[in-house]
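Here's the letter readout for the chains.
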Amino acid sequence: TKIMKTLITLHEKFLSTGQRSGTLIILAFLMLLATPTFAQKKKVRKIDKVEMQKRKAEGRIIKGNVSFNNEALPEASIFLKGTNQGEYSNSRGNFTFPLELINGDILVIEFLGFEKQEVKITSGTTFLNIVMKEEQESLDMVVLGESGSKKLFKSKRKKKKKKE
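Throughout what follows, the structure given in this document is the object of discussion. Predicted model, so just to flag it, every value in this text is computed and none were measured.

1. A look at the pairing of strand β7 (residues 117–120)
Link 1 in the chain: Residues Q117 and V119 of β7 are buried on one face, while the alternating residues E118 and K120, pointing to the opposite face, are not.
Link 2 in the chain: Where strand β6 (residues 106–110) meets β7, 4 bridges bridge the pair, whose relative direction is antiparallel. By the bridge assignment, I109 is partnered in β7 with Q117.

2. A short note on unusual backbone geometry
Link 1 in the chain: The phi dihedral of N69 is positive, around 50°, even though this residue is not glycine.
Link 2 in the chain: Along the chain, N69 falls in the loop between β1 (63–68) and β2 (71–72).
Link 3 in the chain: For N69, a relative accessible area of 56% corresponds to the exposed category.
Link 4 in the chain: Positive phi outside glycine occurs at E75, with the angle close to 65°.
Link 5 in the chain: Within the element layout of this structure, E75 appears in the loop between β2 and β3 (77–80).

3. A word on the pattern of salt bridges
Where side chains of opposite charge bring their charged atoms close, a pairing between them can arise.
Link 1 in the chain: Within this structure, the stated rule accounts for 4 salt bridges.
Link 2 in the chain: In this structure, R55 engages E51 in a salt bridge whose closest nitrogen and oxygen atoms are separated by 3.0 Å. Here the residue R55 and the residue E51 both occupy positions in helix α3 (residues 49–58), the gap between them amounting to 4 residues, near one helical turn.
Link 3 in the chain: One salt bridge connects E118 with K81, and the closest N-O pair in it is separated by 3.2 Å. One end of the pair, E118, is in strand β7; the other, K81, is in the loop between β3 and β4 (86–88), with 37 residues separating them in the sequence.
Link 4 in the chain: In this structure E118 comes out as partly exposed when scored by relative accessible area, which is 42%.
Link 5 in the chain: When salt bridges that share partners are traced, they join E51, R55 and D105 into one network.

4. Quick word on the side chain of T125
Link 1 in the chain: You can see T125 is positioned in the loop between β7 and β8 (127–131).
Link 2 in the chain: With near-sequence residues (within four places) excluded, T125 lies in contact with R60, I62 and K120.

5. Here we look at the nonpolar core
Link 1 in the chain: Ranked by size, the top nonpolar core spans 20 residues in total, and within it V66, L107, I109 and L128 carry the most contacts.
Link 2 in the chain: For this core, the secondary structure elements donating two or more residues are β1, β3, β6 and β8.

6. A short note on the sheet that holds β7
Link 1 in the chain: The strand order across the open sheet built from 4 strands is β4-β3-β6-β7, with neighbouring strands paired in antiparallel fashion. Strands with a single pairing partner mark the edges of an open sheet, and in this sheet they are β4 and β7. Ignoring strand direction, the axes of neighbouring strands in this sheet form an average angle of 20°.
Link 2 in the chain: Relative to β4, β3 is paired through 3 bridges, and the arrangement is antiparallel. Of the residues in β4, the one forming a bridge with F79 is G86.

7. Things to note about the packing of aromatic side chains
Link 1 in the chain: Taken as a whole and assessed by the stated rule, the structure comprises 2 aromatic pairs.
Link 2 in the chain: Where F68 meets F114, the ring centres are 4.9 Å apart and the plane angle is 65°; that geometry is what we call edge-to-face. You can see F68 sitting in strand β1 and its partner F114 sitting in the loop between β6 and β7, a full 46 residues away along the chain.
Link 3 in the chain: Where F111 meets F114, the ring centres are 5.6 Å apart and the plane angle is 55°; that geometry is what we call tilted.

8. A closer look at the environment of D105
Link 1 in the chain: Position of D105 relative to the elements: it lies in the loop between β5 (94–96) and β6.
Link 2 in the chain: Each C-alpha atom of the pair D105 and I121 lies 5.3 Å from the other, and the pair is 16 residues apart in sequence.
Link 3 in the chain: If sequence neighbours within four positions are ignored, D105 has contacts with R55, L80, V119, K120 and I121.

Rules used in this analysis
Residues numbered from 1 in each chain as written. Predicted model: local features only at pLDDT ≥ 70, side-chain atom pairs only at ≥ 80, totals over all residues. Heavy atoms only, no water. Buried < 20%, exposed > 50% of the residue type's maximum accessible area, 1.4 Å probe, protein only. Helix = DSSP H or I, 4+ residues; strand = E, 2+ residues; numbered from the N terminus. Pairing = 2+ DSSP bridges. Salt bridge = Lys/Arg side-chain N within 4 Å of Asp/Glu carboxyl O. Contact = heavy atoms within 4.5 Å. Core = buried A, V, L, I, M, F, W, Y, C linked by side-chain atoms within 4.5 Å. Axes fitted to C-alpha atoms, helices over the stretch in contact; angles between N-to-C directions. Phe/Tyr/Trp six-rings, centres within 6.5 Å; stacked < 30°, edge-to-face > 60°.

The following block contains the structure:
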């Protein structure tokens, strides 16, 4: 909040002097603060030849569908947890995973604006019907416009659920 007060003060200063470039710099900085950092490297393991042979012998190809409120979610990301192996859902929300999956594998499903889901593969898994849940967002910033108008700014911080 101290940073926000400083930025709003700077924003008002730039507005009073008529400097639009300063306003743009502040807004760009606010956007950077609100977005998650994707530069962090995740540990990704590669699937070697031995594991690939095991998967071909014991595994099976899994198909599925990703949706929300009975509507397809095209381009949802589906990948094997801990690896770079994955697929995107098509325009109908359908996908065929490109790698044979074995019992205990975990698929991670992500789509912007929805909660990440993890599905564990069991011996009976052949088709996955994945229904995504909306991410809970909170409105916690106000950005002042040049004319003095206020706009609400959504952040990606999840609301904390109350403990019972």
